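Structural overview for review
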Amino acid sequence: MLRRLNFFFEFFEKNSILPFYESITNNINGHIINNENTGALKAFETGLCVCVVNMIPPYFDLKIGKQNKLYRAFQVKHRTGFIMDLGQYSNAEEYLKSHLGPRHRKNILSKLKRLESCFDISYKTHYGDIDDLEYKFLFEEFERMIRDRFKQRGEEHVGLKRWNLYKKNVYELILKKRASLFVIYDGKKPISINLNYHFENILDSAITSYDIDYAKFGLGNIAVYKKMEWCFQNDYQRIDMRWGELYYKRLWCNAIEEYKCDVVYNNLLVAMPLAFMVAKLIIFKKFLLQYKILPLNLSFGSRHKPSQNVESSSAPSFKIENLTKLPSKDELSLLSLDENKLDFLRNPVYNFQYSNMEHTNNINIYQVNNDKLTYIIAGKSQLQRLVF
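For clarity, every value in this text was computed on a predicted model and none was experimentally measured.

**Considering the overall build of the protein chain**
The helix and strand inventory of the protein chain stands at 8 helices and 17 strands. Going through the 388 residues of the protein chain one by one, you find that 49% of them count as buried. Accessible surface computed for the protein chain: about 19600 Å², of which carbon and sulfur atoms make up 50%. When the 55 basic and 43 acidic side-chain charges of the protein chain are each reduced to a single mean position, those positions are 6 Å apart.

Pasting the structure below:
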């Protein structure tokens, strides 16, 4: 039988080591982890066995030991991985200054300052402990953010196909300190959620998303920066952003390395030539992808577009006009963005706050009484009319 397995998912997401391997060496600290799961080999011991084990990180060495002497493997380089190697730096600011360059650094820190000036922002890593109700709430919000973001991009997030598995497993992994949810809050409202997996000094940045109404503030980059701060505070050496060519990974990662693939086979006579042929096919396919002879699809979406801050196709269109004077209060009705029916106003209000560095506490939103499609955003020093 020919089977495809994903080492990364098994190890990080399921806290399991495939039974072919006697041990794993963490090359970052030299620690050897012995496999206690070798008894599961029985499931592979009937007849021909050739298994393609994808996504073995470059910082791990896997050993097929003596007790697994019936198995051997051909190893090939499979896909490009994106890793932040923090080992030579003492803090996040140093990494930012050394790796990103002045323009990107200034842009990220400027947006961080605007975010914290406009909202009551807090950061929390749920790691080792999380309230059950908060966990359920965060996963609901997480799923909503992903669906909204990928609907905006016209893509399908492949992680949603495994969403029930995530919801089921992550809670216990958080309690065991094998996973975490990093959250950026505006008050009590989560506006960016990141699912991470943990092993020793490695943080696997698995799935990230954010509230698209806050797109101007660059929450994706802010989340990476704040997670990196947490990693330095907790002695982590690597942030693994996994495989898949995306702009933000190229921006942040200083270690672009190849994930390995083992083609594991048993001792039947036909197994070795079959495994050898499969290994050569993997190398050939990589060549075709590298030179764009085959279409490249390595992102979380089914199609990838480079644009990061596109208006949602479902959002109503409107015209923006600057005002010098607020109309009479008798002509206006004061509104609250907490009302769900006013969801469509959040993005233009947050964009107004971004442009004018206005805190939420200083913002008032009005509807014009004699024109239900006209709204006014009033800050301390600026006024803006929205005509839908």
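**What about the packing of aromatic side chains?**
One pass over the full model with this rule turns up 35 aromatic pairs. Both rings, one in phenylalanine 11 and one in phenylalanine 12, keep their centres 5.2 Å apart while their planes meet at 90 degrees; by these two values the pair is edge-to-face. Residue classification places phenylalanine 12 among the buried residues on the basis of a relative accessible area of 0%. Through a chain of ring-to-ring contacts, the aromatic side chains of Phe7, Phe8, Phe9, Phe11, Phe12, Tyr59, Phe60, Phe199, Trp243 and Tyr259 assemble into a single cluster.

**Concerning the packing of helix H3 (residues 132–153) against helix H4 (residues 163–175)**
Where H3 contacts H4, the axes come no closer than 11 Å and their chain directions differ by 140 degrees. In this structure, the crossing between H3 and H4 has a hand that is right-handed. Along the contact surface, H3 presents Asp132, Tyr135, Phe139, Phe142, Glu143 and Ile146, while H4 presents Trp163, Tyr166, Lys167, Val170, Tyr171 and Ile174.

**Let's talk about the nonpolar core**
Nonpolar side chains in soluble globular proteins tend to end up buried together. Grouped together as the largest cluster of nonpolar side chains are 51 residues, with contacts concentrated most on Met84, Tyr95, Met228 and Trp252. Examining the composition of this core, we find that 9 residues originate from one element, helix H5 (residues 219–233), more than from any other. Counting 50 residues, the second largest nonpolar core, distinct from the first, contains Met55, Tyr166, Phe199 and Ile202.

**A word on the pattern of salt bridges**
Summed over the entire model, instances satisfying the criterion amount to 20 salt bridges. In this structure, the salt-bridge partner of lysine 260 is aspartate 61, at a minimum N-O distance of 3.5 Å. Pair noted here: lysine 260 is in strand S12 (residues 255–265) and aspartate 61 is in strand S5 (residues 60–63), with a separation of 199 residues, a long-range link. Residue classification places lysine 260 among the buried residues on the basis of a relative accessible area of 9%. Residue aspartate 343 is joined to arginine 346 by a salt bridge in which the shortest nitrogen-to-oxygen separation is 2.8 Å. You can see aspartate 343 and its partner arginine 346 sitting in helix H8 (residues 343–356), 3 residues apart, about one turn around the helix. On the basis of relative accessibility, which here comes to 35%, the residue aspartate 343 falls in the partly exposed class. Since its relative accessible area comes to 15%, arginine 346 is described here as buried. Via salt bridges that share partners, Glu13, Arg162, Asp204 and Arg242 belong to a single interconnected network.

**As for the side chain of glutamate 141**
Its location among the elements puts glutamate 141 in helix H3. Judged by relative accessible area, which is 17%, glutamate 141 ranks as buried. Within the structure, the side chain of glutamate 141 is placed 3.0 Å from the side chain of arginine 144, a separation counted as a polar contact. Setting aside its immediate chain neighbours within four residues, glutamate 141 contacts Pro190 and Ile193.

**Some details on helix H7 (residues 271–290)**
Between its terminal C-alpha atoms H7 stretches 28 Å, which fits the 28 Å expected from 20 residues at 1.5 Å a residue. Within H7, burial applies to Ala271, Ala275, Val278, Ala279, Ile282, Leu288 and Leu289. Its buried side turned inward, H7 meets strand S1 (2–6), strand S4 (50–56), strand S6 (72–85) and S12. Looking at the residues trailing H7, positive phi occurs at lysine 292, about 60 degrees.

Reading guide: rules and limits
Residues numbered from 1 in each chain as written. Predicted model: local features only at pLDDT ≥ 70, side-chain atom pairs only at ≥ 80, totals over all residues. Heavy atoms only, no water. Helix = DSSP H or I, 4+ residues; strand = E, 2+ residues; numbered from the N terminus. Buried < 20%, exposed > 50% of the residue type's maximum accessible area, 1.4 Å probe, protein only. Areas by Shrake-Rupley, 256 points an atom, 1.4 Å probe, with all protein chains shown as cover. Lys, Arg positive; Asp, Glu negative; His and termini not counted. Charge placed at Lys NZ, Arg CZ, Asp CG, Glu CD. Phe/Tyr/Trp six-rings, centres within 6.5 Å; stacked < 30°, edge-to-face > 60°. Axes fitted to C-alpha atoms, helices over the stretch in contact; angles between N-to-C directions. Left-handed = near helix turned anticlockwise from the far one by under 90°. Contact = heavy atoms within 4.5 Å. Core = buried A, V, L, I, M, F, W, Y, C linked by side-chain atoms within 4.5 Å. Salt bridge = Lys/Arg side-chain N within 4 Å of Asp/Glu carboxyl O. Polar contact = N/O pair within 3.5 Å; in protein donor to acceptor, adjacent residues only side chain to side chain. Expected span 1.5 Å × (residues − 1).

Read these as spatial facts, not as claims about activity.
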